[in-house]
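For reference, the chains in residue letters:
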Amino acid sequence: MERIDNLFYSYANISSGLIDPEGIENLCLDMEVDHTDVRILMLAWKMKAEKQGYFTLEEWRRGLKALRADTVNKLKKALPELEKEVKRPLNFMDFYLYSFRYCLTEEKQKSIDIESICQLLDLVLGPHFRAQVDYFIEYLKIQNDYKVINMDQWMGFYHFCTEISFSDLSNYDPELAWPLILDNFVEWMQEKRT
């Protein structure tokens, strides 16, 4: 634990006692991983980090202890295992949900702007459902009804990706309780096809 703590303090901001965005960037440099790499989000998920861009000592201990890492090198070597862990279906759904919450940066914020959502979708869901994500991002960028996406819509799109046959959409039933944005997306897809 002492080595985990020492590692924390080598990246922490002395005055706040937290690893802040600058500390995370330094950690990424040392691990030779881009700070926009999805594995950094996975690391935050493993730590159950509450505030985007910041790690507390408690979160750091929780994550590094679980990954059995007390050096930068061990942490870097733990990333492939962490990726495998996140890919397990139940974990992935939890990670997907977490990634939305983690991006809520304001106190009572309940939704995320379209531009940020497009980046997050590409990062988190893109590698698993490339076609659906690309089309949905294209739709989000041209539509004018929505300026933000809420948790219900975010989770709705995950279920859409895992349950609806793509690209024929033959088993999509608009009578079911899909968020309206997905009904509109499916309509747009169907018009695009004809």
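Residues numbered from 1 in each chain as written. Predicted model: local features only at pLDDT ≥ 70, side-chain atom pairs only at ≥ 80, totals over all residues. Heavy atoms only, no water.

Considering the overall build of the chain
From N to C terminus, the chain includes 10 helices and two strands. Each helix and strand of the chain, placed in order from N terminus to C terminus, yields the pattern α-α-α-α-α-α-β-α-α-β-α-α. Projecting the C-alpha coordinates of the chain onto the three principal axes gives extents of approximately 60 × 30 × 25 Å. Looking at the chain residue by residue over its 194 residues, the buried ones come to 46%. In the chain, once contacts between residues fewer than 6 apart in sequence are set aside, the share between residues at least 24 apart is 65%. For the chain, the computed accessible surface area is about 11,100 Å², with 50% contributed by carbon and sulfur atoms. (Helix = DSSP H or I, 4+ residues; strand = E, 2+ residues; numbered from the N terminus. Buried < 20%, exposed > 50% of the residue type's maximum accessible area, 1.4 Å probe, protein only. Contact = heavy atoms within 4.5 Å. Areas by Shrake-Rupley, 256 points an atom, 1.4 Å probe, with all protein chains shown as cover.)

Some details on the nonpolar core
Within the largest apolar cluster, 71 residues are counted, with the highest numbers of intra-cluster contacts made by Trp-60, Tyr-96, Leu-121, Leu-125, Leu-140, Phe-157 and Phe-160. The element best represented in this core is helix H3 (residues 38-47), accounting for eight residues. The contacts of Leu-121, once residues within four sequence positions are left out, are Tyr-96, Gly-126, Val-133, Phe-136, Ile-137, Leu-140, Trp-154 and Phe-157. (Core = buried A, V, L, I, M, F, W, Y, C linked by side-chain atoms within 4.5 Å.)

With respect to the packing of aromatic side chains
Under the criterion given, the structure shown has 24 aromatic pairs. Ring plane angle 65° and centroid distance 5.9 Å describe the contact between Phe-160 and Tyr-172, whose orientation is recorded as edge-to-face. With Phe-160 in helix H9 (residues 151-163) and Tyr-172 in the loop between H9 and helix H10 (180-193), this residue pair connects regions lying 12 residues apart in the sequence. For Phe-160, a relative accessible area of 0% gives the class buried. A centroid spacing of 6.2 Å and a plane angle of 80° characterise the contact between Phe-160 and Trp-178, whose relative ring orientation is edge-to-face. Separated by 18 residues along the polypeptide, Phe-160 in helix H9 and Trp-178 in the loop between H9 and H10 bring together distant segments of the chain. The pair formed by Phe-160 and Trp-178 is uniform in burial state, with each residue classed as buried. It is Lys-51 that lies over the ring of Tyr-54; its NZ or CZ is 4.3 Å from the centre. (Phe/Tyr/Trp six-rings, centres within 6.5 Å; stacked < 30°, edge-to-face > 60°. Lys NZ or Arg CZ within 6 Å of the ring centre and 35° of its normal.)

Side note on the packing of H3 against helix H6 (residues 89-102)
Two numbers describe how H3 lies on H6: the axes approach to 10 Å, and their chain directions differ by 95°. When the interaxial angle is binned, H3 and H6 end up roughly perpendicular. In contact with Val-38, Leu-41, Met-42, Ala-44 and Trp-45 of H3, H6 contributes Asn-91, Asp-94, Phe-95, Tyr-98, Ser-99 and Tyr-102. Classifying every residue of the contact of H3 with H6 gives eight nonpolar, two polar and one charged. (Axes fitted to C-alpha atoms, helices over the stretch in contact; angles between N-to-C directions. Parallel < 35°, antiparallel > 145°, perpendicular 65-115°, else oblique. Nonpolar A, V, L, I, M, F, W, Y, C, P; charged D, E, K, R; others polar.)

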